[in-house]
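Notes for the structure review
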Amino acid sequence: LEGEKGGKSAYNKDKILGLWKKYITYGGYPKVALAEDADMRKMIISEIGTSYVKKDILDAGVRNVEKYFALLKILAAQSGGLVNSMELSNALGIAHKTVEEYLYVVRKSYQAVFIRPFYANVRKELTKMPKVYFCDIGLKNFFLDDYNRIEKRADRGEYLENICFIEFLRKTGSADKIKFWRTQDKKEVDFIIGKEAFEIKFDARQVKDKKYAAFRSAYPEIRLHLLDYNGILEKFYGFKS
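Residues numbered from 1 in each chain as written. Predicted model: local features only at pLDDT ≥ 70, side-chain atom pairs only at ≥ 80, totals over all residues. Heavy atoms only, no water.

**Examining the pattern of salt bridges**
Scanning the model with the defined rule gives 12 salt bridges in all. Between Arg 216 and Asp 209 there is a salt bridge, and its shortest N-O distance comes to 3.0 Å. Residue Arg 216 is classed as partly exposed on the basis of its relative accessible area, which comes to 33%. Ionic contacts of the salt-bridge type, sharing partners, join the residues Lys 131, Glu 161 and Asp 190 into one network. (Salt bridge = Lys/Arg side-chain N within 4 Å of Asp/Glu carboxyl O. Buried < 20%, exposed > 50% of the residue type's maximum accessible area, 1.4 Å probe, protein only.)

Take a look at the structure:
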């Protein structure tokens, strides 16, 4: 639509942006996308987040449904963050082995995805803990009980990161192709895919380029991109907002 003129182009652009904003709030489940209003979308997501997820975990032999759902709520609150199974064990008051079993079910049921770090120097770069992202943003919002627009959210940076992860996962077809970079002194880059790296920020104007000097020095062959909210549609769909 870029470059087109007239009411039709403006109408289509507004329609696409409207659909996009619904998608990044309520997710991509077909029944949710086809629902006519926000209340209906929330009701369908609630059904998915309770009935369907409960069926998955019962089929997997999980007995303590309450603790499993508590785990999903914690993961939803820290999507884009490192997953420390020992800390989760302490927070939930259950055995570490049980947490590991629950995380396995989360992964196998495609409720969330865990990505591994990219590294060359194992002494300086953090190599053990994965990062977690939800496979559907509506499901994440259900467990957070928060359907506010991204602009009004305190977690908008991490929220945008999860949205971008879903798009990268769709394009690559495999979470194994998506890595992240983080050092022990907390220098980090959100995503590395092949010879490209992506740092996600809600507002790119607030980012200082020198923050990524260490990464560029360590990996000059990898091209680093800064992706913000205004650049998402153009990056993934070739549509300028």
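So much for the structure itself; the text now carries on.
**Let's talk about helix 3 (residues 38-59)**
Its 22 residues place the ends of helix 3 31 Å apart at the C-alpha level, agreeing with the 32 Å of an ideal helix rising 1.5 Å per residue. Two or three places before Asp 39, at the start of helix 3, stands the capping residue Asp 37, its side-chain oxygen 3.2 Å from that residue's backbone nitrogen. Where helix 3 terminates, the next one or two residues include Gly 61, which has phi positive at roughly 90°. (Helix = DSSP H or I, 4+ residues; strand = E, 2+ residues; numbered from the N terminus. Expected span 1.5 Å × (residues − 1). Polar contact = N/O pair within 3.5 Å; in protein donor to acceptor, adjacent residues only side chain to side chain.)

**Some details on the pairing of strand 5 (residues 196-200)**
For strand 5, a buried count of four out of five residues is recorded, marking the element as mostly surrounded by other parts of the structure. Two elements, strand 4 (residues 188-193) and strand 5, share three bridges in a ladder whose sense is antiparallel. Considered in strand 5, the bridge of Ile 193 is made with Glu 196. With five bridges connecting them, strand 5 and strand 6 (residues 223-227) associate as parallel partners. Considered in strand 6, the bridge of Ala 197 is made with Leu 224. (Pairing = 2+ DSSP bridges.)

**A closer look at the sheet that holds strand 3 (residues 179-182)**
Ordered by their spatial adjacency, four strands build an open sheet running 3-4-5-6, and the pairing between neighbours is mixed. Of all strands in the sheet, those bounded by a partner on one side alone are strand 3 and strand 6. Strand-to-strand twist across the sheet, computed as the mean angle between neighbouring axes with direction ignored, equals 30°. Together, strand 4, strand 5 and strand 6 form the strand contacts of helix 8 (residues 156-172), whose direction differs from that of strand 4 by roughly 15°. (Axes fitted to C-alpha atoms, helices over the stretch in contact; angles between N-to-C directions. Contact = heavy atoms within 4.5 Å.)

**A few points about the packing of helix 4 (residues 65-77) against helix 5 (residues 85-92)**
Each pair of packed helices can be described by the angle between their axes along with the distance between the axes. Running from N to C, helix 4 and helix 5 point in directions that differ by 125°, and their axes come no closer than 11 Å. Relative to helix 5, helix 4 is oriented oblique. In the crossing of helix 4 with helix 5, the sense of the turn from one axis to the other is right-handed. Where helix 4 approaches helix 5, its residues Lys 67, Ala 70, Leu 71, Ile 74 and Leu 75 are matched on the opposing element by Leu 88, Ala 91 and Leu 92. Its residues assigned to classes, the contact of helix 4 with helix 5 shows seven nonpolar, no polar and one charged. (Parallel < 35°, antiparallel > 145°, perpendicular 65-115°, else oblique. Left-handed = near helix turned anticlockwise from the far one by under 90°. Nonpolar A, V, L, I, M, F, W, Y, C, P; charged D, E, K, R; others polar.)

**Digging into the confidence of the model for the protein chain**
Predicted confidence across the protein chain gives a mean pLDDT of 89, with 93% of residues reaching 70 or more. The model gives residues 1-8 a pLDDT under 50, and that stretch makes seven contacts with residues more than four places away or in other chains. (pLDDT = per-residue confidence, 0-100.)

**Looking at the pairing of strand 3**
Along a regular strand, successive side chains alternate from one face of the sheet to the other. Two elements, strand 3 and strand 4, share three bridges in a ladder whose sense is antiparallel. Directly across from Arg 182, in strand 4, lies its bridge partner Glu 188. Here strand 3 folds back onto strand 4, and the loop between the two strands holds five residues, one of which, Lys 186, carries a positive phi near 70°.

**Some points on the nonpolar core**
Core analysis: the largest hydrophobic core is formed by 33 residues, its most contacted members being Tyr 68 and Leu 75. Of all the elements in the fold, those that place two or more residues in this core are helix 3, helix 4, helix 5, helix 6 (96-108), strand 1 (112-115), strand 2 (131-134) and helix 7 (137-144). With seven residues, the top contributor of residues to this core is helix 4. If sequence neighbours within four positions are ignored, Tyr 68 has contacts with Val 53, Ile 57, Val 62, Tyr 102, Val 105, Val 106 and Gln 111. Counting residues in hydrophobic clusters, the runner-up holds 28 residues, among them Trp 20, Val 113, Tyr 133 and Ile 163. (Core = buried A, V, L, I, M, F, W, Y, C linked by side-chain atoms within 4.5 Å.)

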